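Chain residues, written in single-letter form:
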Amino acid sequence: MQNVNTWRSVAAATGRADRAAAEAGVRRAYRTAGLAEPERIIWAASPRAAVGTVEKLTDAGRSVREEVRTRPWADERRRMYDELGPAGWSALWSATGAQLWETTAALAERIRAGVVADLAPRPQDAAAVRLVLLDAVLGQHDAAWLAAFDGHGDRLAGLAEVARNAGWWWPYEHAVVITERPDVLHRDEAGRLDHGEGPALAYGDGFALHAWRGMPVPAAFLEELSSLTPERIRAEENAELRRVMLEYYGYDRYLSESGAEPVHRDETGILWRIALDGDEDVVMVEVVNSTPEPDGTYRTYWLRVPPTTRTAKDGVAWTFGLEGAAYAPVRQT
């Protein structure tokens, strides 16, 4: 577990790179691959800036990503698989890299998409940017698979050293372009990019990604959240952005301030429905906790239920995985 936590910290690291350590790792990776050390190592402030730098390189030679990263990784995986067997390799991956893979892979894909969006506003320009991104070694965002191999030999030590100390990098025969780590990273409990008051991911040169619970949103959209009104929420034509608005504003507050009427009441609670143009209805059950708080008050909860729900009891039952007819609690809590 300590190994996984160490690499989880690597993947989430922010702040200035240790340039000397990262450059030493680059040179070691080249030597391990049987290549001459690069003549030039050029630093860039972000993956976006690095793409621009790569496009302007002269006399850099061909990409050596295959020799430096792809082939050593494949060879080490094959060696470990043969040594441990299918079950042993599966157990190792489950205990290490699998715990980091989903969040780091999603983050890397978001960065790629952000770079393409910034540098190729016209669809016909996107292919060229994506080709440059294919040459990148992901540095700290290769943490998942580096965690699996940590402590099992030193063939990937150079790659691991770069990952611990810097961001993405582009290896060519005679030159390397390497990036700083982000300055800012905000994620929710599920590991998704998430921040309601500014960039969820930001680099020193201004390259940034804005997101709410993993969903990309425009920067100007976040600035508007603090001044939302029910009228503004209803006027939003983008269904996904409208859902973000409702989550931020609060379904209960929206219901209260928009003058909504309940559609059903019974002994379990009150069923509310919010009709949204171009999207499925938002249906919620309002329930009151039968156990008082320390101050003697009773707390109200709002439970989101499927849009097909027709009664409050059906909604409450659904939260317990039951049909309404089968839901008959002895005591509510």
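Residues numbered from 1 in each chain as written. Predicted model: local features only at pLDDT ≥ 70, side-chain atom pairs only at ≥ 80, totals over all residues. Heavy atoms only, no water.

**Description of the side chain of aspartate 194**
Along the polypeptide, aspartate 194 turns up in the loop between β4 (184-185) and β5 (201-202). Arginine 213 provides the closest opposite charge to the buried, unpaired aspartate 194, separated from it by 4.9 Å. The residues contacting aspartate 194, other than those within four sequence positions of it, are His186, Arg187, Asp188, Ala200, Ala211, Trp212 and Arg213. (Helix = DSSP H or I, 4+ residues; strand = E, 2+ residues; numbered from the N terminus. Buried < 20%, exposed > 50% of the residue type's maximum accessible area, 1.4 Å probe, protein only. Lys, Arg positive; Asp, Glu negative; His and termini not counted. Salt bridge = Lys/Arg side-chain N within 4 Å of Asp/Glu carboxyl O. Contact = heavy atoms within 4.5 Å.)

**Some thoughts on the packing of helix α3 (residues 47-55) against helix α6 (residues 126-134)**
A pair of packed helices is characterised by two quantities: the angle between their axes and the separation of those axes. α6 packs onto α3 with a crossing angle of 95° between their chain directions and a minimal axis gap of 10 Å. The pairing of α3 with α6 is recorded here as roughly perpendicular in orientation. Residue-level contacts link Val51, Val54 and Glu55 of α3 to Val129, Val132 and Leu133 of α6. Partitioned by chemical class, the residues of the contact of α3 with α6 number 5 nonpolar, no polar and 1 charged. (Axes fitted to C-alpha atoms, helices over the stretch in contact; angles between N-to-C directions. Parallel < 35°, antiparallel > 145°, perpendicular 65-115°, else oblique. Nonpolar A, V, L, I, M, F, W, Y, C, P; charged D, E, K, R; others polar.)

**Side note on the sheet that holds strand β3 (residues 175-179)**
The strand order across the open sheet built from 3 strands is β1-β3-β2, with neighbouring strands paired in mixed fashion. Edge positions in the sheet fall to β1 (40-44) and β2 (169-171), since each has one partner strand and no second. Across this sheet, the average inter-strand angle for adjacent strands is 15°, counted without regard to direction. Direction of pairing for β1 relative to β3: parallel, over a ladder of 5 bridges. The residue bridging isoleucine 41 from the neighbouring strand is valine 176, located in β3. (Pairing = 2+ DSSP bridges.)

**Quick look at the environment of arginine 273**
One can find arginine 273 in strand β10 (residues 269-274). Linking arginine 273 and valine 263, residues 10 residues apart in sequence, is a C-alpha distance of 6.8 Å. What arginine 273 contacts, discounting residues up to four positions off in sequence, is Val263, Asp281, Val282, Val283, Pro307, Thr309 and Arg310. Here aspartate 281 takes part through its side chain, which lies 3.4 Å from a polar atom of the side chain of arginine 273. Within the structure, arginine 273 has its side chain in polar contact with the backbone oxygen of threonine 309 (distance 2.9 Å). (Polar contact = N/O pair within 3.5 Å; in protein donor to acceptor, adjacent residues only side chain to side chain.)

**A few points about the sheet that holds strand β12 (residues 300-305)**
Ordered by their spatial adjacency, 4 strands build an open sheet running β9-β10-β11-β12, and the pairing between neighbours is antiparallel. Every other strand in the sheet has two partners, leaving β9 (264-266) and β12 as the edge strands with one partner each. Averaged over all neighbouring strand pairs, the angle between strand axes comes to 20°, with direction disregarded. Two strands pair when backbone bridges link them, and β10 and strand β11 (residues 282-288) are joined in this way by 5 bridges, in the antiparallel orientation. Looking at the pairing, tryptophan 272 lines up with methionine 284 of β11. Of the strands in this sheet, β9, β10, β11 and β12 are in contact with helix α13 (residues 312-319), which crosses β12 at around 80°.

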